[in-house]
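Coordinate inspection notes
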Amino acid sequence: MPELPEVETVVRSLAPRLTGRRILRAHFSSRHVVRENFRRLAARLAGQTVHSVTRHGKFIVAALDSGNLIVHLGMTGRLLFDSPTGPHTRAIFELDEGTLVYDDPRQFGRIEWAPELPARVARLGPDAFLIAENDFLQLLRKRNARIKPLLLNQSFIRGMGNIYSDEALFQAAIHPRAIASRLSKARAQRLYRAMIDVLGAAIDQKGSSISNYVDSEGRRGAFQNMHQVYGREGEPCSRCGAKIRRIVLAGRGTHFCPRCQRM
DNA sequence: TCAAATGTTTGATC
DNA sequence: GGATCAAACATTTG
């Protein structure tokens, strides 16, 4: 489920119901999702009150009395209030009011506690939705890498994922293999605006519900209905009618219009 | 049976 | 260092 707009939507649904709540008990059942000792983590969380819930790139950070509960949803992670547990339930947080369940079929998600944001999280690039235009343009100029994999690189900017990278590049009419440092200023500005625009529109629509994505109240997003290229291989481009193509770049399916998006 | 899936990390190679 | 590519992680779905 997890690109910036989905994580932002989850955080917004989580914050009002989780802030001020006390974690009574926690239970864990996946060594892939929880890398530390289950009981030690549960003991660490028991009795702690949640002071805030925020987003850091694609990470969810719940500030506690002491330290932070940090959750990454991976590909298929979901946090759900008062949901029945199932075969893919990997964690349960019993609260003083209600229960928060973590479900994750593929178990690519992670749950951890840390006194501060771990270096590997704190060190990520600037947030894709908050970065200033000039900062973005300067970062692009320094990189001789292809633009699509670069947008996916969380050390470059944090929050972009496969769907929104393809959609932003389409909106900016830039080929996914274009070299970042060689983009003209006008094209780089177009990409910045497209990125902010696509992310903002997706947040407004509460994310893209492909596969199993829902927010913490179980509500689906609607932005999947507005995708112009992602998941539309072979369909006509909404702008020019050419067939949308799918290639593989950096191991990820990459969708684009070969006529609109030029090097 | 095979390919692909909203992500990240690690290692090999140039 | 960068950059590219492949593989790994684990499971479901078409």
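Residues numbered from 1 in each chain as written. Chains lettered and ligands numbered in written order. Predicted model: local features only at pLDDT ≥ 70, side-chain atom pairs only at ≥ 80, totals over all residues. Heavy atoms only, no water.

**Some remarks on the overall build of chain A**
Of regular secondary structure, chain A possesses 7 helices and 10 strands. Scaling as 2.2 N^0.38, a compact globule of 263 residues should have a C-alpha radius of gyration of about 18 Å, and chain A matches this with 19 Å. Principal axes of the C-alpha set define a box for chain A whose edges measure 55 × 35 × 30 Å. Total accessible area on chain A stands at roughly 11,900 Å², and carbon and sulfur atoms take up 47% of it. (Helix = DSSP H or I, 4+ residues; strand = E, 2+ residues; numbered from the N terminus. Rg over C-alpha atoms; globule rule 2.2 N^0.38 Å. Areas by Shrake-Rupley, 256 points an atom, 1.4 Å probe, with all protein chains shown as cover.)

**Quick notes on the sheet that holds strand S4 (residues 68–72)**
Spatially, the 4 strands line up as an open sheet ordered S2-S3-S4-S8, and their pairing is antiparallel. On the outer flanks of this sheet lie strand S2 (50–56) and strand S8 (110–114), each paired with one strand and no other. This sheet shows a mean twist of 20 degrees between the axes of neighbouring strands, independent of strand direction. Direction of pairing for S2 relative to strand S3 (residues 59–64): antiparallel, over a ladder of 6 bridges. Its bridge partner being in S3, Val 53 is matched across the sheet by Ala 62. The sheet strands contacting helix H1 (residues 4–18) are S2 and S3, and the helix crosses S2 at an angle near 170 degrees. The strands that helix H2 (residues 38–45) touches are S3, S4 and S8; relative to S8, the one it contacts most, it runs at about 55 degrees. (Pairing = 2+ DSSP bridges. Axes fitted to C-alpha atoms, helices over the stretch in contact; angles between N-to-C directions. Contact = heavy atoms within 4.5 Å.)

**Structural notes on the pattern of salt bridges**
Any two side chains of opposite charge can pair, so long as their charged atoms come close to each other. Under the defined criterion, the tally for this structure stands at 14 salt bridges. For Arg 55, the salt bridge identified is with Glu 8, shortest N-O distance 2.7 Å. Taken together, the residues span a long stretch of sequence, with Arg 55 in strand S2 and Glu 8 in helix H1 at a distance of 47 residues. Both residues of the pair, Arg 55 and Glu 8, count as buried. (Salt bridge = Lys/Arg side-chain N within 4 Å of Asp/Glu carboxyl O. Buried < 20%, exposed > 50% of the residue type's maximum accessible area, 1.4 Å probe, protein only.)

**Side note on the protein's contact with DNA strand B**
Around DNA strand B sit 21 residues, and of these Met 75, Ile 210, Ser 211, Tyr 230 and Arg 252 come closest. Backbone atoms, meaning sugar and phosphate, make up 57% of the atoms of DNA strand B lying within 4 Å of the protein. Within the side chain of Lys 58, one N or O atom sits 2.6 Å away from a phosphate oxygen of DNA strand B. Arg 246 places a side-chain nitrogen or oxygen 3.1 Å from a phosphate oxygen of DNA strand B. Of all the secondary-structure elements, those providing two or more residues to the surface near DNA strand B are helix H6 (162–172) and strand S10 (252–256). In the surface near DNA strand B, the residues fall into 7 nonpolar, 9 polar and 5 charged. (Near = heavy atom within 4 Å. Polar contact = N/O pair within 3.5 Å; in protein donor to acceptor, adjacent residues only side chain to side chain. Nonpolar A, V, L, I, M, F, W, Y, C, P; charged D, E, K, R; others polar.)

**Topic: the environment of Gly 20**
Here Gly 20 lies in the loop between H1 and strand S1 (23–28). Judged by its relative accessible area of 39%, Gly 20 falls in the partly exposed class. Setting aside residues no more than four positions away along its own chain, Gly 20 makes contact with Thr 49, Val 50 and Asp 96.

**Some details on the protein's contact with DNA strand C**
As a matter of local geometry, DNA strand C sits amid His 32, His 88, Pro 105, Arg 106, Gln 107, Phe 108, Arg 143, Asn 144, Ala 145 and Arg 146. Per the 4 Å cut-off to the protein, sugar and phosphate atoms form 69% of the nearby atoms of DNA strand C. Between a base nitrogen of DNA strand C and a side-chain N or O atom of Arg 106, the distance comes to 2.7 Å. Here Arg 143 contributes a side-chain N or O atom positioned 2.6 Å from a phosphate oxygen of DNA strand C. Of the residues belonging to the surface near DNA strand C, the class tally is 3 nonpolar, 4 polar and 3 charged.

**Here's the deal with the packing of aromatic side chains**
Following the criterion strictly, the structure yields 4 aromatic pairs and no others. Measuring from ring centre to ring centre gives 6.4 Å for Phe 28 and Phe 38, while their planes differ by 50 degrees; the resulting arrangement is tilted. Separated by 10 residues along the polypeptide, Phe 28 in strand S1 and Phe 38 in helix H2 bring together distant segments of the chain. Its relative accessible area of 11% is what places Phe 28 among the buried residues. (Phe/Tyr/Trp six-rings, centres within 6.5 Å; stacked < 30°, edge-to-face > 60°.)

**Observations regarding the environment of Glu 94**
Its location among the elements puts Glu 94 in strand S6 (residues 89–95). For Glu 94, a relative accessible area of 22% translates into the label partly exposed. Sequence separation between Glu 94 and Asn 144 is 50 residues; the distance between their C-alpha atoms is 48 Å. The contact partners of Glu 94, leaving out residues within four places of it in the chain, are Arg 22, Ile 23, Leu 24, Arg 25 and His 27.

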